[in-house]
Amino acid sequence: MKRVFHWIDRIMRLDEVLASAALFAIFLVAIGNISMRYLFDTPLAWTEEVLQLLMVWATFLGASALVRRNEHVLIGMLSENLPASLARWNDRLFNVGMVLIAAIVLGYWGLQLLPYSNFRSTPMLQIPYMWIHVAIPVSAVIMAYHCLVRLARDT
């Protein structure tokens, strides 16, 4: 069983790799479009749609990677002034608990969005918006997983 959790944990760490790859792809596509526009006077029309897709995926996968690494936005002033035992519970309640609640809400509303976004497509490449918006529930599930792992390890 421990081996299964080890593999699940390794798969869940792909969020950082995929977010980094999306950011690098954003850089390449943007540089390619700038080069085509200013050097050859023929801008690439499809780059805006690809950049939008990559930016959404990089943002949400990057957010889940930050939750895993505990580098998301924190309010540490209260925890720094509390005794160690209370600071631990404060971290669990506000740090992990609030992020878990936000991930659940994000996942719920992200799933509610998917049926509507399947009927719309991007104008140039005809990519269904579902492929853009599916990043929301995917990252919410990964964030919730990271929060639950942190709660289990802190017990």
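From a predicted model like this one, the values you see are computed outputs, not experimental measurements.

Definitions and limits used
Residues numbered from 1 in each chain as written. Predicted model: local features only at pLDDT ≥ 70, side-chain atom pairs only at ≥ 80, totals over all residues. Heavy atoms only, no water. Patch = residues over 30% accessible without salt bridge, like charges linked within 9 Å, V, L, I, M, F, W, Y side chains within 5 Å. Areas by Shrake-Rupley, 256 points an atom, 1.4 Å probe, with all protein chains shown as cover. Salt bridge = Lys/Arg side-chain N within 4 Å of Asp/Glu carboxyl O. Helix = DSSP H or I, 4+ residues; strand = E, 2+ residues; numbered from the N terminus. Buried < 20%, exposed > 50% of the residue type's maximum accessible area, 1.4 Å probe, protein only. Contact = heavy atoms within 4.5 Å. Axes fitted to C-alpha atoms, helices over the stretch in contact; angles between N-to-C directions. Parallel < 35°, antiparallel > 145°, perpendicular 65-115°, else oblique. Left-handed = near helix turned anticlockwise from the far one by under 90°. Nonpolar A, V, L, I, M, F, W, Y, C, P; charged D, E, K, R; others polar.

Novice: Explain a nonpolar patch on the surface here, please?
Specialist: On the surface, L93, F94, M98, I101, V105, Y108 and W109 cluster together into a nonpolar patch covering about 780 Å² of accessible area. Within the secondary structure, F94 is located in helix α5 (residues 84-117). A residue is classified by how much of its surface remains accessible, and F94, at 48% relative accessible area, is partly exposed.

Novice: What's the story with the pattern of salt bridges in this structure? I'm lost.
Specialist: Pairs may arise between side chains of opposite charge once their charged atoms sit close together. Here the structure, examined in full by the defined rule, presents 2 salt bridges. Salt bridges linked by common partners bring D15, E16 and R68 together as one network.

Novice: Mind showing me how you'd approach the side chain of N33 here?
Specialist: Within the fold, N33 resides in helix α2 (residues 14-39). Residues within four places of N33 in sequence aside, it is in contact with P43, L44 and T47.

Novice: How should unusual backbone geometry be read in this particular structure?
Specialist: A negative phi angle characterises most non-glycine residues, just as the trans form characterises most peptide bonds. Of note, the phi angle at D41 is positive, near 60 degrees, even though the residue is not glycine. Along the polypeptide, D41 turns up in the loop between α2 and α3 (47-68). Even without a glycine there, the phi angle at Q126 is positive, about 60 degrees. Along the chain, Q126 turns up in the loop between α5 and α6 (130-133).

Novice: In this structure, what is going on with the environment of T122? I would like to understand it.
Specialist: Looking at the secondary structure, you find T122 in the loop between α5 and α6. When its relative accessible area of 0% is taken as the criterion, T122 is described as buried. Taking the C-alpha atoms as reference points, T122 and E48, separated by 74 residues in sequence, lie 9.9 Å from one another. Beyond its immediate chain neighbours, meaning those up to four positions away, T122 contacts E49, I127, Y129 and I132.

Novice: So what exactly am I meant to see when it comes to the packing of α2 against α3 here?
Specialist: The relative placement of two packed helices comes down to the angle between their axes together with the axis-to-axis distance. At a closest axis distance of 8 Å, the pairing of α2 and α3 adopts a crossing angle of 150 degrees. By the angle class used here, α2 and α3 are roughly antiparallel. The crossing of α2 and α3 is left-handed. Of the residues in α3, those in contact with D15, E16, L18, A19, A22, L23, A25, I26, V29, A30 and N33 of α2 are T47, V50, L51, L54, M55, A58, L61, G62, S64, A65 and R68. Split into classes, the residues belonging to the contact of α2 with α3 amount to 15 nonpolar, 4 polar and 3 charged.

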